[in-house]
Amino acid sequence: NAGVTQTPKFRVLKTGQSMTLLCAQDMNHEYMYWYRQDPGMGLRLIHYSVGEGTTAKGEVPDGYNVSRLKKQNFLLGLESAAPSQTSVYFCASSYRWGKENQPQHFGDGTRLSIL
Amino acid sequence: RKEVEQDPGPFNVPEGATVAFNCTYSNSASQSFFWYRQDCRKEPKLLMSVYSSGNEDGRFTAQLNRASQYISLLIRDSKLSDSATYLCVVRRYSGAGSYQLTFGKGTKLSVIP
């Protein structure tokens, strides 16, 4: 059972380069999320999606774009990478929120360095 | 005031000790509460949900006080394997049929032999 899979796990970019982080989940979850985690800042939500074809901004969306063309995949794009985007990126997914508490399941992270 | 606040620690405790973590949240409309655990350089993993009546899972006990907007996690008989960062997480409705989680910055626990 793969759960949430992120690719790549590590990447080094030069300022101005672009790249896409891929998140895939095999749990048929409706909701998917992208977070970044920086020292002393905790996890901050970048963008999220409540279903195929829909995306929404989170707390820190600037400099990022996302797409959810298929239910199982959520892509995070950096069009022009900046050193401030050096971080650890986590993808998460969950079932649609209902009466029961539905936890988020996380991928194991992508460590991205922008030089 | 930050939406979710935790004591960052670190808490350094000997094996077998009892340790308590506190968390406060500012949005009274928050609906669900969780404790996550994050090991160094790993992803966060759900430890337990927090229910209004309080709940226990083995050595772990979670409490919620909605009036004070306060959540706690108690770990009894600490093990070396409990060393991690504990994240307080709050869920609230964010409009348009969607919900968001807000994570605290975490409290670091080191259990010492």
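First, a word on what this report is: a plain description of the structure on this page.

Cut-off values and rules
- Residues numbered from 1 in each chain as written.
- Chains lettered and ligands numbered in written order.
- Predicted model: local features only at pLDDT ≥ 70, side-chain atom pairs only at ≥ 80, totals over all residues.
- Heavy atoms only, no water.
- Disulfide = S-S within 2.5 Å.
- Helix = DSSP H or I, 4+ residues; strand = E, 2+ residues; numbered from the N terminus.
- Buried < 20%, exposed > 50% of the residue type's maximum accessible area, 1.4 Å probe, protein only.
- Contact = heavy atoms within 4.5 Å.
- Salt bridge = Lys/Arg side-chain N within 4 Å of Asp/Glu carboxyl O.
- Polar contact = N/O pair within 3.5 Å; in protein donor to acceptor, adjacent residues only side chain to side chain.
- Pairing = 2+ DSSP bridges.
- Axes fitted to C-alpha atoms, helices over the stretch in contact; angles between N-to-C directions.

**Overview of the state of the cysteines**
Step number 1: Going through the model one piece at a time under the given rule, you end up with two disulfides over all chains.
Step number 2: Bridging Cys-23 of chain A to Cys-91 of chain A, the disulfide has an S-S length of 1.8 Å. Handedness of the Cys-23 of chain A-Cys-91 of chain A disulfide follows from its S-S torsion of about -75 degrees: it is left-handed. Of this pair, Cys-23 of chain A sits in strand S3 (residues 19-25) while Cys-91 of chain A sits in strand S9 (residues 87-94), and the two are 68 residues apart along the sequence.
Step number 3: Across the disulfide from Cys-23 of chain B sits Cys-88 of chain B; the S-S distance is 2.0 Å. An S-S torsion of about -75 degrees defines the bridge between Cys-23 of chain B and Cys-88 of chain B as left-handed. Of this pair, Cys-23 of chain B sits in strand S3 (residues 19-25) while Cys-88 of chain B is found in strand S9 (residues 84-95), placing the two residues 65 residues apart along the sequence.
Step number 4: Classification of Cys-23 of chain B by relative accessible area gives buried; the value is 1%.
Step number 5: Classification of Cys-88 of chain B by relative accessible area gives buried; the value is 0%.

**Comments concerning the interface of chain A and chain B**
Step number 1: Counting from both sides, the interface comprises 23 residues of chain A and, opposite them, 22 residues of chain B.
Step number 2: Applying the counting criterion to the chain A and chain B interface returns zero salt bridges.
Step number 3: Our enumeration of links across chain A and chain B arrives at four residue pairs in polar contact (both at pLDDT 80 or more).
Step number 4: Going through the elements one at a time, strand S4 (31-38) and strand S5 (42-51) of chain A are the ones with two or more residues in the side of chain A that touches chain B.

**Thoughts on the environment of Ser-98 of chain B**
Step number 1: Note that Ser-98 of chain B resides in strand S10 (residues 98-103).
Step number 2: Judged by relative accessible area, which is 3%, Ser-98 of chain B ranks as buried.
Step number 3: When residues no more than four places from it in sequence are discounted, the contact partners of Ser-98 of chain B are Tyr-31, Tyr-48 and Val-50 of chain A together with Tyr-93 of chain B.

**Looking at the pairing of strand S11 (residues 107-112) of chain B**
Residue and element names in this part refer to chain B.
Step number 1: Only one face of S11 is covered, namely the one carrying Thr-107, Leu-109 and Val-111; the face carrying Lys-108, Ser-110 and Ile-112 has none of its residues buried.
Step number 2: Looking at chain direction, S9 and S11 are connected through three bridges and run antiparallel. Bridge pairing in S11 links Ala-84 to Leu-109.

**Let's talk about the sheet that holds S3 of chain A**
The strands making up a sheet associate through hydrogen bonds between their backbones, and the pairing can be parallel or antiparallel.
Residues and elements named next belong to chain A.
Step number 1: Read across the open sheet, the four strands follow the order S1-S3-S8-S7; overall the sheet is antiparallel. Edge positions in the open sheet fall to strand S1 (4-7) and strand S7 (65-67), since each of these has one partner strand only. Between one strand axis and the next, the sheet turns through 20 degrees on average, direction left out of account.

**Observations regarding the sheet that holds strand S1 (residues 4-6) of chain B**
Residues and elements named next belong to chain B.
Step number 1: Spatial strand order, S1-S3-S8-S7-S6: five strands in an open sheet with antiparallel pairing. Each edge of the open sheet carries a strand with a single partner, namely S1 and strand S6 (55-57). Taken over all neighbouring pairs, the strand axes of this sheet differ in orientation by 20 degrees on average, direction set aside.
Step number 2: Summarising the sheet, S3 and strand S8 (residues 70-75) pair through six bridges and their orientation is antiparallel. Within the sheet, the bridge partner assigned to Asn-22 lies in S8 and is Ser-72.

**Quick notes on the environment of Phe-106 of chain A**
Step number 1: Mapped onto the elements of the fold, Phe-106 of chain A is located in strand S10 (residues 105-106).
Step number 2: Of the residues examined, Phe-106 of chain A reaches a relative accessible area of 9% and is grouped as buried.
Step number 3: Taking C-alpha positions, Phe-106 of chain A is 13 Å from Lys-9 of chain A, a pair spaced 97 residues apart along the chain.
Step number 4: Those residues in contact with Phe-106 of chain A that sit more than four places away from it in its chain are Val-4, Tyr-35, Leu-43, Phe-90, Cys-91 and Ala-92 of chain A together with Tyr-36, Glu-43, Pro-44 and Phe-103 of chain B.

On their own, these measurements won't tell you what the molecule is for.
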